[in-house]
Amino acid sequence: MNIKQVILKAFHDHPGEFISGEELSQTCGCSRTAVWKHIEELRKDGYEFEAVRKSGYRLLIAPDRLSAAEITAGLDTKRIGQQVIAHDEVVSTQPLAQEAAARGAKEGTLVLAELQTGGKGRLGRPWHSPKGTGIWMSLIIRPAIPLPKTPQMTLLTAVSVARTIREETGLPVKIKWPNDIFIGDKKVCGILTELNAESDRVNYLVIGIGINANSVEEDFPQDLAKIATSLRIESGQSLKRASFIQQFCRFFEEEYDYYLENGFGRVKQEWEAHSYTIGRWVNVQTISQRLEGRAIALDDEGVLMVEDQAGVVHKVYSADVNY
Ligand code: BT5
């Protein structure tokens, strides 16, 4: 942690309390003048402090900015979210996370940005990522699992995002196979999983997560406004994005550790319980095939099973599913 992060953690651990310059300088291992300089820098970043002689500093307002310090302060996970690379503007967080992973970034590293100018979805589709309103982030993980199981990571991520949304906002979210999170009939989050592997070994996965957090209707272009929504539009309240990300990191780590020890069963159960897909009549478009039928379940590997009119059950590994 750098000094700014240590200072923010101290205020995070003592909400609403004054902390003296002396105490901060001891915690940070630097002079009181250095503490003052860092507090001034934090002020430039949008933090507001009350400073009272003899009592010290008290944090009044933390901005809704996705800085590394804001996300790591007080985050009690072992690895997920413990390293954060935060940018103001990027083309897409995905290639940056891939480069970081290739250079050896630790498992759990998050790469995020306030604005993506070329955010991407699956199959080269665009992901609209306007400034400051969303959570546009890529998570690096290095699971020791065989290649065919990697799609399960998308489902595990969807379950973790859905749980975070439910607990942070109370909104009733549903998961559409394989990678969309919906509120009502509108998409609030998309997930894009990219893989780096050698014949039978996963080097790393980069899981891109896009969540419309504080967007208002005018933030969406016309074509998207019909199919997309945000947590703020649905709940009527703006969301503290950094705390949301912290909660996501906790849930993801819990789910991921359980998965690595015990396998896919719990994710499958949670996914099915919150699914928007199971039980529905669906149109499935894979690269090579078009299929209609009822989505009946996930199999034990996370593959979608669709029963057609003739009663034949098809396994769908990768596709777009429409209703
Ligand atoms: C996805 O693709 O849903 C995956 C989206 C992943 C985005 C994250 S953000 C962080 C990381 N960095 C990136 O560059 N990407 C990842 P797909 O299932 O192909 O859905 C794409 C479709 O969703 C588009 O064709 C639009 O119809 C729609 N869409 C685009 N932007 C949207 C938005 N902000 N909200 C809801 N729907 C959107």
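Residues numbered from 1 in each chain as written. Predicted model: local features only at pLDDT ≥ 70, side-chain atom pairs only at ≥ 80, totals over all residues.

Time to look at helix 10 (residues 265-273). The periodicity of an α-helix, 3.6 residues per turn, causes residues three or four places apart in sequence to face the same way. Within helix 10, the full set of buried residues consists of V267, K268 and W271. End-on view of helix 10: buried residues confined to an arc of 100°, all on one side of the axis. Exposed residues on helix 10 whose side chains face more than 90 degrees from its buried face are G265, Q269 and A273. (Buried ≥ 20, exposed ≤ 12 C-beta atoms within 10 Å, placed from the backbone. Helix = DSSP H or I, 4+ residues; strand = E, 2+ residues; numbered from the N terminus. Arc of directions from axis to C-beta.)

Before going further, it helps to examine the environment of A197. Relative to the elements of secondary structure, A197 occurs in strand 8 (residues 186-198). For A197, a count of 13 C-beta atoms within 10 Å puts it in the partly exposed group. As a C-alpha pair, A197 and P146 span 51 residues in sequence and 9.8 Å in three-dimensional space. Aside from chain neighbours lying at most four places away, what touches A197 is L147, V202 and N203. (Contact = placed C-beta atoms within 7 Å.)

Let us now look at the site of the ligand. Around the ligand, 29 residues are found, and the nearest of them are S92, G121, G190, G208 and G210. Residue composition of the shell around the ligand, grouped by class: 10 nonpolar, 14 polar and 5 charged. (Near = placed C-beta within 6 Å. Nonpolar A, V, L, I, M, F, W, Y, C, P; charged D, E, K, R; others polar.)

A few words on the environment of L260. Along the polypeptide, L260 turns up in helix 9 (residues 241-262). C-beta crowding within 10 Å serves as the criterion here: with 11 such atoms nearby, L260 is assigned to the exposed category. Taking the C-alpha atoms as reference points, L260 and I145, separated by 115 residues in sequence, lie 8.4 Å from one another.

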